[in-house]
Amino acid sequence: MKSLVIIFLLLALTFYGFGQISPAFKTGFGYMYVFDEDPSISPDYHTVTGYPTFSVEKPFPIEIRLKKRLSINPGLAYYYFKEEREINKSDYNNDSKYSHQSVNGYVKVLYQAKFRGKTEAFIYGGGIGGLNFYTKTKGTKSVYGLSVEIPEYNVIVNENGSDFFPLFYYGVLAGLQPNARKYNFIKPSIEIAYYPGFVSKPKETSPISYNDINTVQITLFLGFRIK
């Protein structure tokens, strides 16, 4: 029991020392840029577009040295994408419009380095791994037959987004927290992250296969210090 108390006190002192420059929790508002290469020939097209994202995370800092520290940041994030596809054939047109949403949990492992001098600014970098535990795809798929053999029909799509979002994802990131005095309530920071194969889209093959799509996310975080 005594040893547990000592360990707890040491951890508390570690967190307190780092807490002078690191916020208690962070909320982020970002934008996801999609590196989507569409090989379709006009008038055919197939596009995937990213929309603003939202995330919240809780830093758990571990002090390594006075100026170099490690931080474990678990969090939750929300993502939203739109996908549009049009295929023009000699006997039919295929027009599809979908929205894809994901709620996921992630963990960042960050190495942080404080700038020299009296500034409280620091840079950081590391890796991130996440799990898409809730996904949803909604939209419509319309086929317009150009011959009597192919009927016209509309299909309402409302299903999980497992074909668009992988179950697990990973990436690398880097960020900067500008100078913010240790007693400031709000501490802003900016972060850029790269995710290989974050989403995917179907290729016109039989059977259908999928192309992985890389993304880059830029996020503005607002960190909040609890007094």
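Above this text you will find the structure in question.
Just so it is clear, the structure is predicted and the values come from calculations on it, not from any experiment.

Caption draft 1: Structural detail: the overall build of the protein. Counting secondary structure elements, the protein contains one helix and 11 strands. Counted over contacts in the protein with a minimum sequence separation of 6, partners at least 24 positions apart contribute 66%. Carbon and sulfur atoms form 64% of the exposed surface of the protein, whose accessible area is close to 13,100 Å².

Caption draft 2: The arrangement of the side chain of Ser-102 in detail. Residue position: Ser-102 is located in strand β6 (residues 92-114). For Ser-102, the side chain forms a polar contact with the side chain of Asn-104, separated by 3.5 Å. Not counting residues within four places of it along the chain, the set of residues in contact with Ser-102 comprises Ala-77, Tyr-78, Tyr-79, Asn-132, Tyr-134, Thr-135 and Phe-165.

Caption draft 3: View of the nonpolar core. Counting residues in each nonpolar core, the largest one holds 20 residues, and the members touching the most others are Tyr-79, Phe-81, Tyr-195, Phe-198 and Val-199. Broken down by secondary-structure element, the contributors of at least two residues to this core are β1 (25-35), β5 (68-88), β6, β7 (122-145), β9 (168-177) and β10 (186-203). With four residues, β10 is the largest single contributor of residues to this core. Not counting residues up to four positions away in its chain, the partners in contact with Tyr-195 are Met-32, Tyr-79, Ile-128, Tyr-169, Tyr-170, Gly-171, Ile-213, Asn-214, Thr-215 and Gln-217.

Caption draft 4: Looking closely at the pattern of salt bridges. Tallied over the full model, the rule gives three salt bridges. Between Lys-201 and Asp-36 there is a salt bridge, with the nearest N and O atoms lying 2.7 Å from each other. Pair noted here: Lys-201 is in strand β10 and Asp-36 is in the loop between β1 and β2 (45-50), with a separation of 165 residues, a long-range link. Each member of the salt-bridge network shares a partner with another, and the members are Glu-57, Lys-108 and Glu-191.

The rules behind each value
- Residues numbered from 1 in each chain as written.
- Predicted model: local features only at pLDDT ≥ 70, side-chain atom pairs only at ≥ 80, totals over all residues.
- Heavy atoms only, no water.
- Helix = DSSP H or I, 4+ residues; strand = E, 2+ residues; numbered from the N terminus.
- Contact = heavy atoms within 4.5 Å.
- Areas by Shrake-Rupley, 256 points an atom, 1.4 Å probe, with all protein chains shown as cover.
- Polar contact = N/O pair within 3.5 Å; in protein donor to acceptor, adjacent residues only side chain to side chain.
- Core = buried A, V, L, I, M, F, W, Y, C linked by side-chain atoms within 4.5 Å.
- Buried < 20%, exposed > 50% of the residue type's maximum accessible area, 1.4 Å probe, protein only.
- Salt bridge = Lys/Arg side-chain N within 4 Å of Asp/Glu carboxyl O.

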